[in-house]
Amino acid sequence: MSGSAAFFEAVKTRRSVYTIGSDSTIPDEKIEEIVATAVKHAPSSFNVQSSRAVLLLGDEHKKLWDITLEVLKGIVPAEQFPATEGKIKGFAAGHGTVLFFEDQERVKDLQTRFALYQDRFPTWSEHASGILQYIVWTALEAEGLGASLQHYNPLITPQVLSTWKLPESWSLVAQLVFGKPTAPAGEKAFEPVEGKRFLTFGKQ
């Protein structure tokens, strides 16, 4: 299998998997390696390297979703809360969560040093985070894990920063919850690509 073929095989098999258990298909040390390697090599504008990640496992993973549930309890209407509670408990049943952040101090430093692009750096920072998220997500699923990307920020951001004593400049962007799949992902429909979502000009 060629290099690009192997890469796209991983791309094709990456899906949002919501039914997961607490087991893992790989050791925690391998999960750490995947996240650390992704953080190191994910590209960023001006090589600012503003992306940050925190891996939560075991009780620390469960603590995150306990915090999330408690926050949501205060804002979700009572008649809707049972469904919300079931969803959050489903995440807590997983093996772990990767928290993704962007260090706003690094972004503001670029805005100061390169004023011409200052309005673009926050967007480029989000691009960098998205790339990092995708790398980790795809790599975990290539190892047989299932994962889904969640966004309970900024609701839980203050509690996350205080609970794990993280820098105030770290802005929470997303939460990737993962575990061993207990059911396959559902079917995914695709809209036509050629001529609608992808165009080519100047082909020889």
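Further up the page is the structure itself.
Along each chain, the written sequence defines residue order, and numbers are assigned to residues from 1. Predicted model: local features are reported for residues with pLDDT of at least 70 only, side-chain atom pairs are reported and counted for 80 or more only, and whole-chain, interface and lining totals are derived from all residues. The basis for every side-chain value is the complete set of non-hydrogen atoms in the structure, without hydrogens or water.

**Concerning the packing of helix H5 (residues 104-113) against helix H6 (residues 121-142)**
Okay, so step 1: Between H5 and H6, the shortest axis-to-axis distance is 10 Å and the interhelical angle comes to 140 degrees. Our classification of the angle between H5 and H6 gives oblique. Considering the relative orientation of H5 and H6, their crossing is right-handed. Seen from H5, the contacting residues are Val107, Leu110 and Gln111; seen from H6, they are Phe121, Pro122 and Ser125.
Okay, so step 2: In the contact of H5 with H6, the residues fall into four nonpolar, two polar and no charged. For helices, the fitted axis covers only the stretch in contact; all axes are lines through C-alpha atoms, and the angles between them, taken along N-to-C directions, range from 0 to 180 degrees. Helix and strand assignments follow DSSP, with helices taken as H or I runs no shorter than four residues and strands as E runs no shorter than two, numbered in order from the N terminus. Each angle receives one of four descriptions, namely roughly parallel if under 35 degrees, roughly antiparallel if over 145, roughly perpendicular if within 65 to 115, and oblique otherwise. A clockwise turn of the near helix away from the far one marks a right-handed crossing, whereas an anticlockwise turn of less than a right angle marks a left-handed crossing. Contacts were defined at the residue level, with two residues in contact if any of their heavy atoms lie within 4.5 Å. Any residue outside Ala, Val, Leu, Ile, Met, Phe, Trp, Tyr, Cys, Pro, Asp, Glu, Lys and Arg is labelled polar, Gly included; the first ten of those are nonpolar and the last four are charged.

**Overview of the side chain of Thr138**
Okay, so step 1: Of note, Thr138 is situated in helix H6.
Okay, so step 2: Beyond its immediate chain neighbours, meaning those up to four positions away, Thr138 contacts Ala10, Val11 and Arg14.

**Brief notes about a nonpolar patch on the surface**
Okay, so step 1: Patch membership needs two things, relative accessible area over 30% and no salt bridge, and members are linked within 9 Å if like-charged or within 5 Å if nonpolar (Val, Leu, Ile, Met, Phe, Trp, Tyr). For accessible areas, the Shrake-Rupley method is used with a probe of radius 1.4 Å. Any residue's cover is judged against the shown protein chains and nothing else. Salt bridge, as applied in this entry: a Lys or Arg side-chain nitrogen positioned within 4 Å of an Asp or Glu carboxyl oxygen. Together, Phe46, Leu116 and Tyr117 give the surface a local cluster of nonpolar side chains, amounting to about 330 Å² of exposed area.
Okay, so step 2: One can find Tyr117 in the loop between H5 and H6.
Okay, so step 3: Looking at Tyr117, the relative accessible area reads 36%, which means it is partly exposed. Per-residue accessibility, obtained with a 1.4 Å probe over protein chains only, is compared with the maximum for each type, and a residue is labelled buried under 20%, exposed over 50%, and partly exposed between these values.

**Comments concerning the pairing of strand E4 (residues 146-150)**
Okay, so step 1: Buried residues dominate E4, accounting for four of its five residues.
Okay, so step 2: Strand pairing is assigned whenever DSSP detects at least two bridges linking the two strands. Inspection of the sheet shows E4 paired to strand E5 (residues 170-181) by five bridges, in the antiparallel sense. The partner of Ala147 across the bridge, within E5, is Phe178.

**Notes on helix H3 (residues 58-73)**
Okay, so step 1: Given a rise of 1.5 Å per residue, 16 residues ought to cover 22 Å, and the 23 Å separating the end C-alpha atoms of H3 matches this to within 8%.
Okay, so step 2: Restricting attention to buried positions, one finds in H3 the residues His61, Leu64, Trp65, Ile67, Thr68, Leu69, Val71 and Leu72.
Okay, so step 3: Check the buried side of H3 and you find it contacts strand E2 (51-57), helix H4 (81-92), strand E3 (96-103), E4, helix H7 (157-163) and E5. What a helix should span is 1.5 Å times the count of its residues minus one.

**Considerations on the packing of aromatic side chains**
Okay, so step 1: Pairing of aromatic rings covers Phe, Tyr and Trp, the last counted by its six-membered ring, and requires centre-to-centre distances within 6.5 Å; plane angles under 30 degrees mean stacked, over 60 mean edge-to-face, and any other angle means tilted. By the definition in use, this model includes 13 aromatic pairs.
Okay, so step 2: Here the aromatic rings of Phe7 and Phe8 are separated by 5.3 Å at their centres, their planes lie at 75 degrees, and the arrangement is edge-to-face.
Okay, so step 3: Look at Phe46 and Phe121: their rings are 5.2 Å apart centre to centre, the planes differ by 75 degrees, and that puts the pair in the edge-to-face class. Here Phe46 is found in the loop between helix H2 (28-41) and E2, whereas its partner Phe121 is found in helix H6, with 75 residues between them in sequence.
Okay, so step 4: The class of Phe46 is partly exposed, set by a relative accessible area of 41%.
Okay, so step 5: Of the residues examined, Phe121 reaches a relative accessible area of 1% and is grouped as buried.
Okay, so step 6: Taken together through their ring pairs, the aromatic side chains of Phe46, Phe114, Tyr117, Phe121 and Trp124 make up a single cluster.
Okay, so step 7: Here Arg14 stacks its cationic end above the ring of Trp137, 4.3 Å away from the centre of that ring. The rule for a charge over a ring is simple: NZ of Lys or CZ of Arg within 6 Å of the ring centre, and within 35 degrees of the ring normal.

**Examining the side chain of His95**
Okay, so step 1: Summarising the element assignment, His95 is placed in the loop between H4 and E3.
Okay, so step 2: Overall, the relative accessible area of 15% leaves His95 in the buried class.
Okay, so step 3: Counted as a polar contact is a pair of N or O atoms within 3.5 Å, where, for protein atoms, one must be capable of donating a hydrogen and the other of accepting one, and residues adjacent in sequence contribute only when both atoms are in side chains. Among the polar contacts made by the side chain of His95, one reaches the side chain of Asp28 at a distance of 2.7 Å.

**Digging into the nonpolar core**
Soluble globular proteins: nonpolar side chains tend toward being buried together.
Okay, so step 1: Within the largest apolar cluster, 26 residues are counted, with the highest numbers of intra-cluster contacts made by Leu64, Trp65, Leu99, Phe101, Val160 and Leu166.
Okay, so step 2: Taken together, the elements giving at least two residues each to this core come down to E2, H3, H4, E3, H7 and E5.
Okay, so step 3: Residue contributions to this core peak at six residues, all from H3.
Okay, so step 4: With residues near it in sequence (within four places) discarded, Val160 still touches Leu64, Leu99, Phe101, Leu166 and Leu172.
Okay, so step 5: Formed by 17 residues, the second largest nonpolar core is a distinct cluster that contains Val136, Trp137, Ala174 and Phe178. We call a set of buried residues a nonpolar core when its members are Ala, Val, Leu, Ile, Met, Phe, Trp, Tyr or Cys and they connect through side-chain atoms within 4.5 Å of each other.

**Details of the pattern of salt bridges**
Okay, so step 1: Taken as a whole, this structure holds seven salt bridges when the rule is applied.
Okay, so step 2: As a salt-bridge pair, Arg113 and Asp109 come within 2.9 Å of each other at their nearest N and O atoms. In this pair, Arg113 and Asp109 both sit in helix H5, four residues apart, roughly one turn of the helix.

Honestly, that's just the spatial picture; any functional story needs more than this.
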